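What follows is each chain in one-letter form.
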Amino acid sequence: MSGTVREPATTTKSLTLKGLQKGKIGAFAGAIIGISCIAPAYTMTSGIGPTISEAGLQTPFILLIGFIPMLFVLMGYRELNTSMPDSGSTFTWSSRAFGPWIGWLGGWGLVAATALVLSNLAAVAVDFLFIALAQIFGNPELADLTRNLWINIPVVALLTALAAYVAYRGVEETKRVQYTLVGLQAIALVWFVVAAIVKIRNGEAYDYTPVSLDWFNPAMLGPDGFSFSVLMAGLSLSIFMFWGWDVIVTMNEEAKDPRRTPGRAALLTIAIIVVTYLTVTIVLLSYAGIGTTGLGAGNPDLQESLFAALAPEVMGPFALLMSLAIFASSASSLQSTLVSPSRTLQAMSHYGAVPKAFGRLSKYKTPGAPTFWAATASVLFYVLMRVISEDALWDTITAMGIMVCFYYGITGLAAFWYFRGTWFANVGNFFRRFLLPLLGGLSLTVMFGITLYDSMDPDFGSGNAIFGTTLPDGTVEGGVGVVFVAGLVILGGGALLMLIYSFVNPGFFRGKEIEVGSVLQETEMVPFDASATAEASAQRIEEAPAHRTGEGG
């Protein structure tokens, strides 16, 4: 695999820095923020139950397989960031590789996925806040307050507002908060694993199931042998569990080394997470089994908060630590997750793809307006899902998995295509720029399509459907799955907004802001100039009528 590396073209395609704080994030701090965004304590609480319901004892296999396309796409992210350390990440890179239309949809996919998970994060935080209060005061009725929507929704909105305020204050505030909250998660998860192993060794497990290599055997994935639909459903859920490592990439302009630090932090994050997930899952399955009653991990009544049920049995009086850790985990992720959509929206505004109001910096040099817009959208979506679906938590997880597959797939393929012409220059390029991004992008794109199709089934996800027929006995027949409707509305709504804004400001959609090209046309990161940015924004507004009447270029 040798070849001649072509020199960059004489034309330089330039991107512009956005005026964010510089030199604030190192590899370790980036990994901590990445872990906080994934939020292992929260994610396993929300995601491990539904995944076990689909995959059973093969859940460790599903987690391992779900990790592989993530790792492949991560390699593409790393190469793209090294070449173009732009905070727009998926939006900017996809626009550069495929053009403005696909780039805009990629950015929309990221923003939509984060809005979905933000609503989920706030919901879990509220659930475990009341569980912790019930344990502290010895009053189990306090835990039931989360079911009262008149209490639940205002508390969700309050927690989301607090998270948005911390994000608004900047990277330094984010780091200080995350060091403490990630440390609490680590203590609780280690305590749970050690306590469960001790109970297993003492013969006190709820439903002891010996650990077996068969748990990693795909041939046993399904009731009658290998099932492709079970694989896809399980993978969609595992994608949710690994999602979030790319938050550090959207902070590249704030990193100490914008081209290298984000990639190192992302690799460190994903390595720590996969080891944590496999360890906790194997111990949990061995302790509780997959029974569908009692404390069995397959009990559908426990799937949305498996740790809440198991922690008192495993940790005894220290179960409070797990409740506090899950609350802290979801709250910390709520805050760090706001980083991605805010910086993506700011970059989209900076390049003229969305209104300029989203591009305004706060006095802390953070994208203030998009932070609060993202927070508001997540609360509104949560309210909508709670009204439509009785199992909003499960359905938002599945819908979010669909959107993550969508924008990760686009980014992986963008890496593959952007680096064309250098694929076979050396062995490293073949893997990092050709094979791994291609395989990762294709697998996630295929997963997106299959999961979206399967979600039309009313039994998909939580089993909630709309447009069904209510029979005399009260059961509902037919209809369309809530997850499919949510996915279609999100994607269709994004396409409609994109089309509308293409008439408002056609310059971006004609390639005047981010030119389509490849790595053979060198991309520079031009320093931020507030006056130049304001002048460019004013010029776009002045030129818009001319474009609409066909007078512009």
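The structure under discussion appears in the preceding block.
Quick summary incoming for the structure in this document.

The rules behind these values
Residues numbered from 1 in each chain as written. Predicted model: local features only at pLDDT ≥ 70, side-chain atom pairs only at ≥ 80, totals over all residues. Heavy atoms only, no water. Phe/Tyr/Trp six-rings, centres within 6.5 Å; stacked < 30°, edge-to-face > 60°. Buried < 20%, exposed > 50% of the residue type's maximum accessible area, 1.4 Å probe, protein only. Helix = DSSP H or I, 4+ residues; strand = E, 2+ residues; numbered from the N terminus. Expected span 1.5 Å × (residues − 1). 1 Å grid on protein atoms, 1.4 Å probe; cavity = no way out; pocket = protein on both sides within 12 Å on 5 of 7 lines; lining within 4 Å. Points joined across faces, edges and corners; volume = space filled by probe spheres on them. Axes fitted to C-alpha atoms, helices over the stretch in contact; angles between N-to-C directions. Parallel < 35°, antiparallel > 145°, perpendicular 65-115°, else oblique. Contact = heavy atoms within 4.5 Å. Nonpolar A, V, L, I, M, F, W, Y, C, P; charged D, E, K, R; others polar.

1. Description of the packing of aromatic side chains
(1) Moving on: Under the defined criterion, the tally for this structure stands at 29 aromatic pairs.
(2) Moving on: Centre to centre, the rings of Phe 508 and Phe 509 are 5.0 Å apart; their planes meet at 85°, and the pair counts as edge-to-face. Residues Phe 508 and Phe 509 agree in their burial class; the two are buried.
(3) Moving on: The structure contains a cluster of three or more aromatic residues connected by ring pairs, namely Phe 416, Trp 417, Trp 423, Phe 424, Phe 430, Phe 431 and Phe 434.

2. Description of helix α16 (residues 482–504)
(1) Moving on: Taking 1.5 Å of rise per residue, 23 residues should cover 33 Å, and α16 covers 33 Å from first to last C-alpha, within 8% of that figure.
(2) Moving on: Along α16, the residues classified as buried are Val 482, Val 483, Phe 484, Ala 486, Gly 487, Ile 490, Leu 491, Gly 494, Met 498, Tyr 501 and Ser 502.

3. Some words on empty space enclosed by the protein
(1) Moving on: Applying the stated criterion across every chain yields a total of three cavities of 30 Å³ or more.
(2) Moving on: In this structure, the second largest cavity encloses a volume near 40 Å³.
(3) Moving on: If you trace the second largest cavity, you find it lined by Cys 37, Ile 38, Tyr 42, Thr 43, Val 117, Phe 240, Trp 243 and Ser 333.
(4) Moving on: At the level of elements, α1 (27–38) and α2 (40–55) are the ones that each hand at least two residues to the lining of the second largest cavity.

4. With respect to the packing of α2 against helix α11 (residues 319–337)
Helix-helix packing: each pair is described by the crossing angle between the helix axes and the interaxial distance.
(1) Moving on: Contact geometry for α2 and α11: axes closest at 7 Å, N-to-C directions at 100°. Considering their axes alone, α2 and α11 lie roughly perpendicular with respect to each other. Mapping the contact onto sequence places Pro 40, Ala 41, Tyr 42 and Thr 45 in α2 and Ala 325, Ile 326, Ser 329 and Ser 330 in α11.
(2) Moving on: In terms of residue class, the contact of α2 with α11 is built from five nonpolar, three polar and no charged.

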